[in-house]
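What follows is the residue order along each chain.
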Amino acid sequence: MMIKRKNILIFFLITLLVGIFFYFSLGKESKIKEFPVPLLAKYIEDENSKDFKYSSTGILYSLTLWFNGWKKVAHEGDSTVFKKNDREVIVVKHTGENFIYIFEDE
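Analysis parameters
- Every chain is numbered independently, its residues counted from 1 as its sequence is written.
- This being a predicted model, a pLDDT of at least 70 is required before a residue's local features are given, and a value of 80 or more before pairs of side-chain atoms are given or counted; all residues contribute to the totals for chains, interfaces and linings.
- As a convention, hydrogens and water are excluded, and side-chain values are obtained from all of the structure's heavy atoms.
- Note on definitions: salt bridges are taken to be side-chain nitrogens of Lys or Arg within 4 Å of carboxyl oxygens of Asp or Glu.
- The helix count covers DSSP runs of H or I at least four residues long, the strand count covers runs of E at least two residues long, and both are numbered beginning at the N terminus.
- Only protein chains enter the area calculation, which uses a 1.4 Å probe; residues under 20% of their type maximum are buried, those over 50% are exposed, and those in between are partly exposed.
- Any pair of residues with heavy atoms lying within 4.5 Å of one another is described as a contacting pair.

**As for the pattern of salt bridges**
- The full count for this structure, using the stated rule, is 2 salt bridges.
- Across the pair Arg87 and Glu34 runs a salt bridge whose closest N-O atoms are separated by 3.9 Å. In this pair, Arg87 sits in strand 7 (residues 87-92) while Glu34 sits in the loop between strand 1 (27-29) and strand 2 (36-38), placing the two residues 53 residues apart along the sequence.
- With a relative accessible area of 45%, Glu34 lands in the partly exposed category.
- A salt bridge links Arg87 to Glu104; the shortest N-O distance between them is 2.7 Å. Placement of Arg87 in strand 7 and of Glu104 in strand 8 (residues 99-105) is noted, with a sequence separation of 17 residues between them.
- Because the salt bridges share partners, they merge into one network encompassing Glu34, Arg87 and Glu104.

Here's what the structure looks like:
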């Protein structure tokens, strides 16, 4: 009887952890068409119309991009280039900040 309860508890905890993991790895569409940002990210108005600034990016952002088919093709300093089909988007995240800047490479 105790083993059955223990197994049920373990199954429930694993299911809960997987659910939380997938929830925080979900994304929503950004101002750049078909490019996701984390579900909890907020767009911050900026005077520069070429890039877009988001806050609260979360720790699973790379996983969000991977789930949506974007592949990391280059990384230099604070900049990372992601590619999907023939499109490239540059993500800049400065060390110590909780913001990302994204813009499409044309």
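Having seen it, we continue.
**Comments concerning the side chain of Lys53**
- Looking at the secondary structure, you find Lys53 in strand 4 (residues 52-55).
- What makes Lys53 buried here is its relative accessible area of 17%.
- If we ignore the near neighbours within four places in the chain, the residues touching Lys53 are Lys42, Tyr43, Ile44, Phe99, Ile100 and Tyr101.

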